[in-house]
Amino acid sequence: MSETSPKLRAELEGIPTYKPGKPASADGPVAYKLSSNENPYPPLPGVMESVTAAALNFNRYPDMACTGLMNELAERFGVPVSHLATGTGSVGVAQQLIQATAGPGDEVMYAWRSFEAYPIITRISGATPVQVPLTPGDVHDLDAMADAITDRTRLIFVCNPNNPTGTVVRRAELERFLDRVPGDVLVVLDEAYREFIRDMDVPDGVQLYRDRPNVCVLRTFSKAYGLAGLRVGFAIAHEPVAAALRKTAVPFGVSQLAQDAAIASLRAEDELLGRVGSLVGERTRVADTLRAQGWTVPETQANFVWLRLGERTLDFAAACDQAGVVVRPFAGEGVRITIGETEGNDIFLKVAEGFR
Ligand code: PMP
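As named in an unreviewed UniProt entry, the protein chain is Aromatic amino acid aminotransferase, taken from Streptomyces prunicolor. Looking at the protein chain in UniProt, the text filed under Catalytic activity (unreviewed entry) is "an aromatic L-alpha-amino acid + 2-oxoglutarate = an aromatic oxo-acid + L-glutamate". UniProt, in the comment section headed Cofactor (unreviewed entry), describes the protein chain in these words: "pyridoxal 5'-phosphate".

Spelled out as structure tokens, the structure:
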């Protein structure tokens, strides 16, 4: 029997499919999932209450404009509502940003290695990814990125702190870079891990965007605020960019559960940021222990650490699995380990010690 299939865009052929993360109990005694940079704390009771209340109405569509959340964000960040856009996680907003700015023949630039979604969402748009290698110290090479700008560059991601290395770009170098970027190129400061930064020299994108119309700041409720499973992120940008994002949003893409949980989380920010403080303390302990074991660990300002393991990467990840922690390997390069519960971190540290 002959079969006809719909004609799909040829460019889709080469785009990898997202692979599901390994569940924490996949094989063996696995109890701790340190592979997706999630927040290990359970939801706050107040946030849970807002979700439960919203769930009573899930026969209804959510507020398409996210009105309550937009108002709350405008107040929290001191920006007009017209400078805001929400989306299905910050990866959803990043995809909208590319769709709004770049198509076939256009270039989207980012450092590499960085967030794995950048090449995927660039290709989905039919645009060309331009990957500029990190320095040998695993930091953005902003001079090389500025040198790589062409007439076709439409959008540049700067992931600060960078996933998976945790490294940051500091104020002076970022401002020098922004001064070199032509005004018609959009620079997206992806600050998914912003709340974990303790280095005072790292600028807050929300300050930088104010007098730079070509800067857009991406934030998420998935990490510090612990709402990864509810999918809500947002962008702060000047009116034309924010308006384009609102136009390209998937209708009803942010559920009412997510909107109400995000509002409740902003109202419980002190408590949530207290938890972030504990995770930052644990990050210091983990990084210091690794260095005492003899590892070179790049200075991380996010909720994860990066270990360069080269050819030993997959063996290391397998040993972690066996011991009861799931980490995120990048074959041939290294392993990213999320800072989680103390017990899980300790199991990982033990494996690391055995690999020295
Ligand atoms: N940006 C970066 C740098 C990330 O690491 C992630 C999540 N891994 C995201 C964006 C997307 O997060 P979310 O879609 O959950 O907001």
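From this point, things continue past the structure.
Draft legend 1. Broad picture of the sheet that holds strand E9 (residues 304-308). Strand order in the open sheet made by the three strands is E9-E12-E11, with antiparallel pairing throughout. Edge positions in the sheet fall to E9 and strand E11 (328-330), since each of these pairs with one other strand and no more. Strand after strand, the sheet turns through a mean of 20 degrees between neighbouring axes, direction not considered. Sheet analysis places E11 next to strand E12 (residues 334-338), joined by three bridges and oriented antiparallel. Within E12, the position partnered with phenylalanine 330 by the bridge is glycine 334. Across the sheet, helix H11 (residues 313-323) touches E9, E11 and E12, and the angle it forms with E11 is around 170 degrees.

Draft legend 2. Looking closely at helix H6 (residues 171-180). Those residues of H6 lying buried are Leu174, Phe177 and Leu178. Along H6, the residues classed as buried sweep out an arc of 100 degrees about the axis, all on the same side. Across H6 from its buried face, at more than 90 degrees, point the exposed residues Ala172 and Asp179.

Draft legend 3. Here's a closer look at the nonpolar core. Within the largest apolar cluster, 83 residues are counted, with the highest numbers of intra-cluster contacts made by Phe177, Phe221, Leu290, Phe316 and Phe348. Sorting elements by how many residues they give to this core places helix H9 (residues 256-267) first, with seven residues. Other than its neighbours up to four places away in sequence, phenylalanine 348 contacts Leu34, Val286, Leu290, Leu307, Phe316, Cys320, Val325 and Ile337. Counting residues in each nonpolar core, the second largest holds 22 residues, with Ile121, Val188, Cys216 and Leu218 among its members.

The rules behind these values
Residues numbered from 1 in each chain as written. Predicted model: local features only at pLDDT ≥ 70, side-chain atom pairs only at ≥ 80, totals over all residues. Heavy atoms only, no water. UniProt positions renumbered as here; feature names shortened; annotations may be inferred. Pairing = 2+ DSSP bridges. Helix = DSSP H or I, 4+ residues; strand = E, 2+ residues; numbered from the N terminus. Axes fitted to C-alpha atoms, helices over the stretch in contact; angles between N-to-C directions. Contact = heavy atoms within 4.5 Å. Buried < 20%, exposed > 50% of the residue type's maximum accessible area, 1.4 Å probe, protein only. Arc of directions from axis to C-beta. Core = buried A, V, L, I, M, F, W, Y, C linked by side-chain atoms within 4.5 Å.

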